[in-house]
Amino acid sequence: MARAGLTTPGPFTPRRRLASASLHIAGLSTLAIAATAATGLVIEVVYGDSQWRALAASVGVLGAIGLSAWRFTSLPPDAGGPRGAVRAVGVAWITISLAGAVPYVLADVLPWDLAIFESVSGLTGTGSTVLAPIEGNTHGILFYRQMTQWVGGMGVVVLAVAVLPFLRVGGLQLFRAESPGPTADQLVPRVSDTARRLWSIYCALTAVATLLLLVAGLSVYEAVSHAATAVGTGGFSPYNDSISHFDSVIVEAAVIVSMFLGAVKFPLFYAAFRGRDLRVFWRSSEFRFFVWIVVASTAFVSLLNRLDGMALSTAVRESAFNVVSLMSSCGFGTADFTLWAPATQIVLLFLMVTGSMAGSTSGALKLFRVQVVAKHAWREVRRVRHPSGVFPIRLGRAPIPETIVRSVLGYVMTYFLIAVVGILTLSALGSDLATAAGSVVTAMGGVGPGLGEAGPAANFLVFDFAQRAVLVVLMLVGRLEIFPLLVFVLSARSSIGRGTGRITAKRRLRDPGGSSATAAPARR
């Protein structure tokens, strides 16, 4: 009989497998990072660059670690609970954050601390960088860097659910723990099928974006690199000047469309394709709200820039690009908006906080939550006039359950509380207020460029080790949408406490008189 915690496998698997959901999912996630490094290796070989040995070693090391963790572990029968799923997702993200740094370190591109920052920034889709200069690196390293944002955009755990149909135990909780947005839309009854459909939509949108960029005149390497981070709303570019490197209106228009596609709720694409009806998009109140904010913000920012002396055509061009870039949390740059008027920067900061649609690859609060909070505030105003009235909150024609309203309000309050703590911490560590506020908002929202010294024309080398460590934590908090990571930390803390308690209890059983004698020595 197998011992508790071990399972008996089939003839082609190890004799005993440790039952651990955390290690099992971490192993699969590490394999995803190894596969991502393999794409960089292919590009490195094609271009005949010099870092192929480092990338090959990364693929080998990460592949061996990931395969071992996956093959020698299995999902326990009790992996279906929320706590176990959150723990597995938390361990997986910490693991891939470290694993993603390996290619940078082995290629001697970045030291460990900066490599971890670049890895977390890529996988969370943030886009803040410490790689300088960017263009001084080989094609394979830069392509790997781009693909970390594409893989992290949809989520490596969702990928694990997609490629493992037998992950039915705990699959739904894992899916919900990592999927961006206040709710995880399940397209079909089977969670694995839902995950595969989401990844199919993601791949299709990336292909469309690649085609648009090819038509705009980019090479295959450039088109795939930028399509991956545009649809993944990450914002990394293999060029120091980001999209302004091309200085092309056509390229910028193609990137705007690509970022917009990545910021739209993915289930809407599925519904439109299945029903052959594009009106599905406009029937969504969140989509209409998204379009309205993009158009209104572009017009307002263009007006402010025009009043500040910018030519009309330049004002419209740069305003439209940066509004979509920041609202989608992509972070591509065509201009240094820290040089724009303060009122303009406030509008852009607001867009960085709100984000775009839930169920997309974008970060920040999401417009669904903004709508709920705004309608809740209006409901309270109406209750002042009609204290006994019943005013359900609706998005479109559908009423929102009060449980979701309370959840949204709690999330928004927690989001701003963590942001305030982050700003105070960075300020205490030496950053000015504008830089601290902009970097915290961009880290939690997964945007990339900030304000002050960390604007789009700079990088995050302006921060020291302690400040970057704070930003790494905030990037993970924002990507996992706060609560899963908080539950993971509290669960880990309670597990450590229970372990310490058991050790103390065993010591007391072994030496019942020793502790009392030590604690209370005999009186003379």
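Reading guide: rules and limits
Residues numbered from 1 in each chain as written. Predicted model: local features only at pLDDT ≥ 70, side-chain atom pairs only at ≥ 80, totals over all residues. Heavy atoms only, no water. Helix = DSSP H or I, 4+ residues; strand = E, 2+ residues; numbered from the N terminus. Buried < 20%, exposed > 50% of the residue type's maximum accessible area, 1.4 Å probe, protein only. Contact = heavy atoms within 4.5 Å. Areas by Shrake-Rupley, 256 points an atom, 1.4 Å probe, with all protein chains shown as cover. Phe/Tyr/Trp six-rings, centres within 6.5 Å; stacked < 30°, edge-to-face > 60°. Axes fitted to C-alpha atoms, helices over the stretch in contact; angles between N-to-C directions. Parallel < 35°, antiparallel > 145°, perpendicular 65-115°, else oblique. Left-handed = near helix turned anticlockwise from the far one by under 90°. Nonpolar A, V, L, I, M, F, W, Y, C, P; charged D, E, K, R; others polar. Patch = residues over 30% accessible without salt bridge, like charges linked within 9 Å, V, L, I, M, F, W, Y side chains within 5 Å. Salt bridge = Lys/Arg side-chain N within 4 Å of Asp/Glu carboxyl O.

**Student:** What is the right way to look at the overall build of the protein chain in this model?
**Tutor:** For the protein chain, the count of helices and strands is 22 helices and five strands. For the protein chain, with 524 residues in total, the buried portion stands at 55%. Taking contacts inside the protein chain between residues at least 6 apart in sequence as the whole, the part at least 24 apart equals 69%. When the accessible area of the protein chain is evaluated, it comes to approximately 23,600 Å², of which 66% is carbon and sulfur surface.

**Student:** Looking at this structure, how should I read unusual backbone geometry?
**Tutor:** Note: most residues except glycine have negative phi, and most peptide bonds are trans. At the junction of Ala132 and Pro133, the peptide bond is cis and its omega measures out at -10° in the coordinates. Of note, Pro133 is situated in the loop between helix H5 (112-123) and helix H6 (139-154). Of note in the backbone geometry, Arg276 takes a positive phi value of approximately 50° without being a glycine. In this structure, Arg276 sits in the loop between helix H12 (266-275) and helix H13 (279-283). On the basis of relative accessibility, which here comes to 64%, the residue Arg276 falls in the exposed class. Not every positive phi belongs to a glycine, and Ala364 is a case in point at roughly 70°. Assignment of secondary structure puts Ala364 in the loop between helix H16 (342-354) and helix H17 (367-385).

**Student:** Explain the packing of aromatic side chains here, please?
**Tutor:** The geometry of an aromatic ring pair comes down to the distance between the two centres and the angle between the two planes. Going through the model one piece at a time under the given rule, you end up with 18 aromatic pairs. Between Phe143 and Tyr221, the ring centres sit 6.2 Å apart and the planes meet at 35°, which makes this aromatic pair tilted. Of this pair, Phe143 sits in helix H6 while Tyr221 sits in helix H10 (residues 220-231), placing them 78 residues apart in sequence. The exposure classification of Phe143 matches that of Tyr221, with both residues buried. Between Trp150 and Tyr202, the aromatic rings sit 5.1 Å apart at their centres with planes inclined by 10°, giving stacked as the arrangement. Highlighted residues: Trp150 in helix H6 and Tyr202 in helix H9 (residues 191-215), separated in sequence by 52 residues.

**Student:** I keep staring at the packing of helix H11 (residues 249-262) against helix H15 (residues 312-327) and nothing clicks. Help me out?
**Tutor:** A pair of packed helices can be characterised by two numbers: the angle between their axes and the separation between those axes. In contact at an axis separation of 9 Å, H11 and H15 are set at 25° when each is read in the N-to-C sense. It follows from the interaxial angle that H11 and H15 lie roughly parallel. Seen along the crossing, H11 lies across H15 with a hand that is left-handed. Only Arg317, Ala320, Phe321, Val324 and Ser325 of H15 make contact with H11, whose side of the interface consists of Val249, Glu252, Val255, Ile256, Met259 and Phe260. Tallied by class, the residues present in the contact of H11 with H15 amount to eight nonpolar, one polar and two charged.

**Student:** How should I be thinking about the environment of Phe368 in this particular structure?
**Tutor:** Structurally, Phe368 can be placed in helix H17. Along the primary structure Phe368 and Phe290 are separated by 78 residues, whereas in three dimensions their C-alpha atoms are 9.6 Å apart.

**Student:** Looking at this structure, I do not really get a nonpolar patch on the surface. What am I missing?
**Tutor:** A cluster of nonpolar side chains, Val42, Val46 and Tyr47, forms an exposed patch at the surface whose accessible area comes to about 300 Å². The topology assignment puts Tyr47 in helix H1 (residues 21-47). For Tyr47, a relative accessible area of 39% puts it in the partly exposed group.

**Student:** Is there a simple way to think about the pattern of salt bridges in this case?
**Tutor:** Oppositely charged side chains are able to pair whenever their charged atoms sit close together. Counting across every chain of the model gives eight salt bridges. The partner of Glu118 in a salt bridge is Arg145, with the nearest N and O atoms 2.7 Å apart. Taken as a pair, Glu118 in helix H5 and Arg145 in helix H6 lie far apart in primary sequence, 27 residues in all. Taken together, the shared-partner salt bridges in this structure form one network comprising Asp247, Glu252 and Arg317.

**Student:** Can you help me understand the packing of helix H14 (residues 285-307) against H17 in this one?
**Tutor:** Contact pair H14 / H17: the axes reach a minimum separation of 10 Å and the direction vectors enclose 95°. Our classification of the angle between H14 and H17 gives roughly perpendicular. Touching Ser285, Glu286, Phe289, Phe290 and Ile293 of H14 are Leu367, Phe368, Val370 and Gln371, all from H17. Split into classes, the residues belonging to the contact of H14 with H17 amount to six nonpolar, two polar and one charged.

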